[in-house]
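Here is how the chains run, residue by residue.
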Amino acid sequence: MRVLSAKGVEFPANLQVFELDLAKVPGSRGFAITRRGGYVENEGSTFELFQGDTRFQPARWPSEGFSHDIRPGPDKNSVVLPQAVFERFAHEPDLWLGAYWGADWAFEASRVTAATPDQQKLTFEPLKQPLELRPSFPFFVFNALTAIARPGDYVFDETSRKVYAAAINGADTFEIATEKTLLEINGAHDLKLSGLKLQKALSTALIIRNSENVTIDGCDIRHMGGRAIVVDGGRNVVITHCNITDIAETAVEMRGGDRTTLTPAGHALRDSQISGFGLDARVYRPAVKISGVGLTIENNLLKDSPHSAIIVQGNNHLISGNEIRNVVTEADDAGAIYMGRDWTERGTIIRDNWFHDIGMADAPDADLSLGRKLVSGIYLDDQESGFIIENNVFDKVSRPVFIHGGRDNKINDNVFMRCVESAIFVVRRGEGMTGGTLQQRLEAMPYDKGVWATQYPELQKLANDHPEEPLHNSEARNLTIGCPLLNRAALAIPDLWPDIGKTSRVIDAFPPAGQTTEDVLKTYGLGCHQFPALCRWK
């Protein structure tokens, strides 16, 4: 039924807003606004609404971006808003707040439980994240009737069990997801599925468990309230030539192999395009998350997300031939490829990838120095060690490679262009054998025995070799263009890389404005032959 107003709020005249009575929908008792965020364990949604090729979103203010006009309230789990903002939203029936409350890498949504007019205070449900609220932080309000402003907006009134939705092109037919998982494969072997089209579910489109020699070819997955594909265990599961878009949480999650024996899983994601992922959770929900041993991410296009494109856990993975662009568009202190806090997660090769337009200033003609300096192309966080980074191109990436206290990383034969910080940024984090997370994870692995001792001999020497220092990193034969080679900060040992720059070429001149990556490389006799990822997705 079309309505002109609800709860005393008149809707914009240019919109056609419909009232949907969920009491008439089978299985609707569990429907609700979904709590999301980096610290929220959540595999799916509790309500998803669609029209045609549009997944609706709760109406929010501001409609794009964030406001910073907020401060912590006098009580725990409360905030104070400016009078005009408070008065606009205080009477909403089921208001929520979404914010980077304690850090620019820690988004979380929380439901408002009370409004106190004389203090302009909103009280909200306790957060999952263990961070203190900052004096001011990016936030938005959502699920607000007064914020319905464009087709595709909706508000869920949990008390009345009604939804108010601004229709697309005036259409009066809506779809509501009722299924959680669309297809599950368990214990299969020697199977190939081609041309799967899966969309509009609450949780995960496709789950493949404990299966062997399975290929998913040419799938199209979109509009998911949770994840697109989960591969859990098994061997040699290959996802190839797929198109995945509009995913609320992680798009593809692959787990497999045995870390104790370093037995590889053989799972792979190849020749696929993934865009618009982590859209609702906003942080730590990448295009691809891999864990275990021996997984491959190869020849894919990964783009358009507020946080990371790839999150890596485990050993001996291959990340090769991918184009990664326009990610980490919202968060800060984050990386397009991210991994962290484990000395034993070694042996991964990151090779032949093209990273571009990551962490830079929003306006195309803006001064590059306005980019976010804590956004990295490859972020080896919290002393992550033993990675090989070679033959990649980084163009207009704020901080291409960040070594946050790690060791034994090799950075060779890369091109770094037009960065904000420096090609390689090294910081001393300083955790040694203190009984903390790093030592616990080290001792959980048989690092001094068998195949571990053979593949990673450096681990046997670690305890007696200044484990708190970023030692034994190396770089060679890199080319930097308008991007300094190395910046070091807070290092206890001043000369960690005595050979830095001896075989690399540093060109200080900044390329002319408007030149593409290919244009700049042509000047130096380089192009798609040396870096195929430049041309794969043209």
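Preceding this paragraph is the structure being described.
The following refers to the structure shown.

Assigned secondary structure in the chain consists of six helices and 49 strands. The C-alpha radius of gyration of the chain comes to 24 Å, within 12% of the 24 Å expected for a compact globule of 538 residues. Over its C-alpha atoms, taken along the principal directions, the chain stretches across nearly 70 × 55 × 50 Å. Every one of the 538 residues in the chain was classed for burial, and the buried ones make up 57%. The long-range share in the chain, meaning contacts at least 24 apart out of those at least 6 apart in sequence, stands at 65%.

Moving on, we come to the pattern of salt bridges. Enumeration according to the criterion identifies 44 salt bridges in this entry. Note that E330 and R282 form a salt bridge whose closest N and O atoms lie 2.7 Å from each other. Taken together, the residues E330 in the loop between β35 (323-325) and β36 (334-340) and R282 in the loop between β29 (273-275) and β30 (288-292) connect sequence positions 48 residues apart. Since its relative accessible area comes to 23%, E330 is described here as partly exposed.

By secondary structure assignment, the location of V3 is in strand β1 (residues 2-3). Here the alpha-carbon distance between V3 and S78, two residues 75 residues apart in the chain, equals 34 Å. Each residue touching V3, except ones within four places of it in the same chain, is listed here: F11, V17, F18, E19 and Y164.

Considered as a void within the structure, the largest pocket measures approximately 1000 Å³ in volume. Sorting the residues of the lining of the largest pocket by element identifies β27 (252-256), β33 (310-312), β36, β39 (375-381) and α2 (437-443) as the ones contributing at least two each. Ranked by residues supplied to the lining of the largest pocket, first place goes to β36 with three residues. Residue classes in the lining of the largest pocket are distributed as nine nonpolar, six polar and 16 charged. For the second largest pocket, the lining is made up of 31 residues, of which Q57, R60, L279, D280 and R282 are closest to its centre. Listing elements by their share of the lining of the second largest pocket, those giving two or more residues are β7 (57-58), β14 (139-142) and β15 (153-157). Of the residues that constitute the lining of the second largest pocket, the class distribution is 14 nonpolar, six polar and 11 charged.

It is worth spelling out the sheet that holds strand β12 (residues 108-116) at this point. Read across the sheet, seven strands follow the order β8-β14-β11-β12-β13-β10-β9 without closing on themselves; strand pairing throughout is antiparallel. For this open sheet the edge positions go to β8 (60-61) and β9 (71-72), each flanked by a neighbour on one side alone.

Further remarks concern the state of the cysteines. Summed over the entire model, instances satisfying the criterion amount to three disulfides. What pairs with C528 in a disulfide is C535, and their sulfur atoms sit 1.5 Å apart. Taking relative accessible area as the criterion, C535 reaches 32% and is therefore assigned partly exposed. The cystine pairing of the chain, numbering bonded cysteines in sequence order, is 1-2, 3-4, 5-6.

One open sheet holds the 10 strands; their spatial order is β19-β22-β25-β28-β31-β34-β37-β40-β43-β46, and the pairing between them is parallel. What marks the edges here is a single partner per strand, and that holds for β19 (189-194) and β46 (474-476). When strand polarity is set aside, the average angle formed by the axes of neighbouring strands in this sheet is 5°. Bridge analysis of strand β40 (residues 388-390) against strand β43 (residues 410-412) gives three bridges, and the strand direction is parallel.

A word on the nonpolar core. I229, I274, I324, I337 and F355 are the most contacted members of the largest nonpolar core, which has 66 residues in total. Per-element accounting of this core gives the leading share, four residues, to β36. In terms of nonpolar packing, the next biggest core, distinct from the first, is built from 32 residues, A59, V112, L127 and L145 among them.

The next point concerns the pairing of strand β42 (residues 399-404). For β42, a buried count of six out of six residues is recorded, marking the element as mostly surrounded by other parts of the structure. Here four bridges tie β39 to β42, and the two strands are oriented parallel to one another. Among the inter-strand pairings, L380 is bridged to a residue of β42, identified as I403.

A cis amide bond, omega -10°, links W61 with the succeeding residue P62. Note that P62 resides in the loop between β8 and β9. For D190, which is not glycine, the phi dihedral falls at a positive 50°. Mapping D190 onto the fold places it in strand β19.

Moving on to the side chain of D395. Tracing the backbone through its elements, the reader meets D395 in strand β41 (residues 393-397). Contact partners of D395, with chain neighbours within four places excluded, come to F355, H356, D357, M417, R418 and T517.

Here the focus is the packing of aromatic side chains. Enumeration over the complete set of coordinates arrives at 23 aromatic pairs. Between F66 and F140, the ring centres sit 5.6 Å apart and the planes meet at 50°, which makes this aromatic pair tilted. Separated by 74 residues along the polypeptide, F66 in the loop between β8 and β9 and F140 in strand β14 bring together distant segments of the chain. F66 gets classed as partly exposed once you look at its relative accessible area, which sits at 22%. Residue F140 is classed as buried on the basis of its relative accessible area, which comes to 4%.

Conventions and cut-offs
Residues numbered from 1 in each chain as written. Predicted model: local features only at pLDDT ≥ 70, side-chain atom pairs only at ≥ 80, totals over all residues. Heavy atoms only, no water. Helix = DSSP H or I, 4+ residues; strand = E, 2+ residues; numbered from the N terminus. Rg over C-alpha atoms; globule rule 2.2 N^0.38 Å. Buried < 20%, exposed > 50% of the residue type's maximum accessible area, 1.4 Å probe, protein only. Contact = heavy atoms within 4.5 Å. Salt bridge = Lys/Arg side-chain N within 4 Å of Asp/Glu carboxyl O. 1 Å grid on protein atoms, 1.4 Å probe; cavity = no way out; pocket = protein on both sides within 12 Å on 5 of 7 lines; lining within 4 Å. Points joined across faces, edges and corners; volume = space filled by probe spheres on them. Nonpolar A, V, L, I, M, F, W, Y, C, P; charged D, E, K, R; others polar. Pairing = 2+ DSSP bridges. Disulfide = S-S within 2.5 Å. Axes fitted to C-alpha atoms, helices over the stretch in contact; angles between N-to-C directions. Core = buried A, V, L, I, M, F, W, Y, C linked by side-chain atoms within 4.5 Å. Phe/Tyr/Trp six-rings, centres within 6.5 Å; stacked < 30°, edge-to-face > 60°.

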